[in-house]
Amino acid sequence: MNAATSPDHAQALARTARQADVVRALGAVLPPANLLYTLEDTVPYECDGLTAYRERPLAVALPETEEQVAAVLRTCHALKVPVVARGAGTGLSGGAMPHAMGVTLSLARFNQILHIDPLAQTAVVQAGVRNLAISEAAAPYGLYYAPDPSSQIACTIGGNVAENSGGVHCLKYGLTVHNILKVRGFTVEGEPITFGGEALDQPGLDLLAVLIGSEGMLAVAMEVTVKLVPKPQLARCIMASFDDVRKAGDAVASVIAAGIIPAGLEMMDKPMTAAVEDFVHAGYDLNAEAILLCESDGTPEEVEEEIGRMSEVLRQAGATAISVSKDEAERLRFWSGRKNAFPASGRISPDYMCMDSTIPRKRLADILLAIAEMEKKYQLRCANVFHAGDGNLHPLILFDANDPDQLHRCELFGADILETSVAMGGTVTGEHGVGVEKLNSMCVQFSAEEREQMFGVKRAFDPHGLLNPGKVIPTLNRCAEYGKMLVRAGKLSHPDLPRF
């Protein structure tokens, strides 16, 4: 077989022909400057924040009007071409990774805040508006948008809707799903569709909650109505040090058991605090095995009383040192370390894979000790930071993607964390989504019957499977192959988890 008759050559020819058809069709509905298809122009879109997996699309559409978005969707639907909607590309599970035979639909140019209603405490924004920009625009009215992912300076509200993002204050104020009233967008056929409404409840099924967290598989979000909340009069943050991760984990459970719901309750282990402190100089205790950040907000009287109660609980739980922010500048400095955990990790490793499982709060110490054993097993470092208050873990596995063996060990390490989390009563994702990263782990958590129900919802919205295909829900064949791989590797799943 020569190169001209090889399967790879045939696939390349088929891709080139398909690309020509797609570009020709989209060129009829988009100006030339709004359509990218050359190698140089499409490479920047080949991955999101999960850089270990990459793919180039046939083309990237950059519409500027909703009419153009609808036209792109209608065109792709007529050609049966997959479409992957993309915002800022900050996602960490490969949810915005392109389809090799599809079109990436960039919504970056839909970045306008359309209306702020200070009386109703709502804002209507386009999908490409940055998370932090909403709070900046609402600040003159004494309001802000509560969900605050660490990437809030860059991530878009459309992406937050797709992944049901959280943030360091999600314990008290909720995830994206708790802070959205309405989403308006388009179906895969380019037809307008609205989920939710401006009232507190809508008749019929709650399809808004189905859309939020669906990772772009059901519809393309264009306009989002968000809830705003009053800025608290005062906020103060406790930084508590622990000489043992089990004491720190138990302290988290003790705070919640005491009837306290902090505005934020975050935890970092020693490797993470070292990386962060070297990066932003937040004033973290480098001798501590783990630190907790516990925030209280409200009126000055409420904050003083809650800070006192939390400090007492933390002392009884074994805190070796407690610092309370004296002013707003120091509070922001405490949080700057937590907010910069991911870029800080990027300074000490060529690559990292950020996991996103959840577990019951009472198992925090157990999972940290298990991860420490996995570091030895897979011979890779792992720094841990997470939303401790709601048990949402973010272990960052450090590796070099240029080394195929390290990438393979990293994937096994991540799968082990997720499977162990499920075995402890948790789930494979909290706020980063499944994307391509956790497809195999979905086989572990959900049975074939449960996965088929998920596909049923997908088919109801997208019968031909064109919106962000090949992600989130693993097929029966994929799960069967994953099960065989585990057997070959001598790694069987926990006996109480679904079999393949």
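Please refer to the structure placed before this passage.
Residues numbered from 1 in each chain as written. Predicted model: local features only at pLDDT ≥ 70, side-chain atom pairs only at ≥ 80, totals over all residues. Heavy atoms only, no water.

(A) Fine view of unusual backbone geometry. The phi dihedral of asparagine 164 is positive, around 55°, even though this residue is not glycine. Take asparagine 164: it is sitting in the loop between helix 5 (157–163) and helix 6 (170–173). Backbone geometry at valine 472 places phi at a positive 70°, although glycine is not the residue there. Positionally, valine 472 belongs in the loop between helix 16 (448–461) and helix 17 (476–488). Relative accessible area serves as the criterion here: at 10%, valine 472 is assigned to the buried category. (Helix = DSSP H or I, 4+ residues; strand = E, 2+ residues; numbered from the N terminus. Buried < 20%, exposed > 50% of the residue type's maximum accessible area, 1.4 Å probe, protein only.)

(B) Up close: the state of the cysteines. Throughout the structure, instances matching the rule amount to one disulfide. Disulfide pairing places cysteine 443 opposite cysteine 479 at an S-S distance of 2.1 Å. Where cysteine 443 bonds to cysteine 479 through sulfur, the torsion about that S-S bond is close to -80°, and the disulfide is left-handed. Here cysteine 479 lies in helix 17 and cysteine 443 lies in helix 15 (residues 439–445), a separation of 36 residues in the sequence. With respect to class, cysteine 443 is no different from cysteine 479; both count as buried. Counting only cysteine sulfurs, cysteine 410 is the nearest neighbor of cysteine 382, a cysteine outside any disulfide, at a range of 8.9 Å. (Disulfide = S-S within 2.5 Å.)

(C) Seen up close, the pattern of salt bridges. All told, the structure shown has 28 salt bridges when counted by the stated rule. Taking the shortest distance from any N to any O, the salt bridge between glutamate 305 and arginine 309 comes out at 3.8 Å. Here arginine 309 and glutamate 305 lie together in helix 10 (residues 300–316), a separation of four residues that amounts to about one turn. The salt bridge involving aspartate 366 is made with arginine 363; its shortest N-O contact spans 2.6 Å. (Salt bridge = Lys/Arg side-chain N within 4 Å of Asp/Glu carboxyl O.)

(D) Quick peek at the packing of helix 8 (residues 245–257) against helix 10. Closest axis-to-axis distance for the helix 8/helix 10 pair is 9 Å, and the angle between their directions is 140°. In terms of axis orientation, helix 8 runs oblique to helix 10. For the pair helix 8 and helix 10, the crossing hand works out as right-handed. For the pair helix 8 and helix 10, the contacting residues are Ala251, Ser254 and Val255 in the first and Met310, Val313 and Leu314 in the second. A breakdown of the residues in the contact of helix 8 with helix 10 according to their chemical character gives five nonpolar, one polar and no charged. (Axes fitted to C-alpha atoms, helices over the stretch in contact; angles between N-to-C directions. Parallel < 35°, antiparallel > 145°, perpendicular 65-115°, else oblique. Left-handed = near helix turned anticlockwise from the far one by under 90°. Contact = heavy atoms within 4.5 Å. Nonpolar A, V, L, I, M, F, W, Y, C, P; charged D, E, K, R; others polar.)

(E) A look at the sheet that holds strand 4 (residues 103–106). Within the open sheet, the four strands sit side by side as 1-2-4-3. Their pairing is mixed. The outermost strands of the open sheet, each flanked by one partner alone, are strand 1 (35–36) and strand 3 (83–86). For strand 3 and strand 4, the ladder comprises four bridges, and the chain directions are parallel. Residue pairing in the sheet places arginine 86 in a bridge with serine 106 of strand 4. Against the sheet, helix 3 (residues 66–79) makes contact with strand 2 (59–61), strand 3 and strand 4, and its axis sits at roughly 165° relative to strand 4, the strand it touches most. (Pairing = 2+ DSSP bridges.)

(F) Focus on the side chain of aspartate 297. Following the sequence through the fold, aspartate 297 ends up in strand 14 (residues 290–298). A distance of 2.6 Å separates the side chain of aspartate 297 from the side chain of lysine 172, its partner in a polar contact. Within the local environment of aspartate 297, its side chain forms a polar contact with the side chain of tyrosine 173, the two groups lying 2.7 Å apart. Dropping the residues within four chain positions of it, aspartate 297 is found in contact with Tyr144, Lys172, Tyr173, Pro232, Leu234, Ala235, Ala263, Val303 and Glu306. (Polar contact = N/O pair within 3.5 Å; in protein donor to acceptor, adjacent residues only side chain to side chain.)

(G) Summary view of the sheet that holds strand 13 (residues 264–269). On the basis of which strands lie adjacent, the open sheet formed by seven strands has the order 15-12-14-13-17-18-16 and antiparallel pairing. Strands at the two margins of the open sheet, each flanked by one partner only, are strand 15 (321–324) and strand 16 (351–354). The sheet shows a mean angle of 15° between the axes of neighbouring strands, taken without regard to direction. Docked against the sheet, helix 9 (residues 270–280) engages strand 13, strand 14, strand 17 (381–387) and strand 18 (392–399), running at close to 95° with respect to strand 13. In the packing of helix 14 (residues 404–423) onto the sheet, contacts are made with strand 16, strand 17 and strand 18, and the angle to strand 18 comes to roughly 165°.

(H) Seen up close, the packing of aromatic side chains. Tallied over the full model, the rule gives four aromatic pairs. Taking 6.3 Å as the distance between ring centres and 75° as the angle between the ring planes, the aromatic pair formed by tyrosine 144 and tyrosine 173 counts as edge-to-face. Taken together, the residues span a long stretch of sequence, with tyrosine 144 in strand 7 (residues 143–144) and tyrosine 173 in helix 6 at a distance of 29 residues. Relative to tyrosine 352, the ring of phenylalanine 342 lies with its centre 6.2 Å away and its plane at 45°, an arrangement referred to as tilted. Placement of phenylalanine 342 in helix 12 (residues 341–346) and of tyrosine 352 in strand 16 is noted, with a sequence separation of 10 residues between them. (Phe/Tyr/Trp six-rings, centres within 6.5 Å; stacked < 30°, edge-to-face > 60°.)

(I) Highlighting the environment of glutamine 233. Considering the arrangement of structural elements, one finds glutamine 233 in the loop between strand 11 (229–230) and strand 12 (234–242). In this structure, the C-alpha to C-alpha distance between glutamine 233 and alanine 71, residues 162 residues apart in sequence, is 47 Å. For glutamine 233, the residues in contact, after removing those within four places along its chain, are Gly298, Thr299 and Pro300.

(J) Quick look at the pairing of strand 6 (residues 122–126). Counting buried positions over the five residues of strand 6 gives five, a clear majority of the element. Burial of the side chains of strand 6 extends over both faces: Thr122, Val124 and Gln126 are buried on one face and Ala123 and Val125 on the other. By the bridge criterion, four bridges tie strand 5 (residues 113–117) to strand 6 in an arrangement that is antiparallel. Note on strand 6: the bridge partner recorded for histidine 115 is valine 124. Hairpin connection between strand 5 and strand 6: a loop of four residues separates the two successive antiparallel strands, and glutamine 121 in this loop has a positive phi of roughly 55°. Pairing of strand 6 with strand 10 (residues 220–227) involves five bridges; the strand directions are antiparallel. Counted as the bridge partner of alanine 123 is valine 226 from strand 10.

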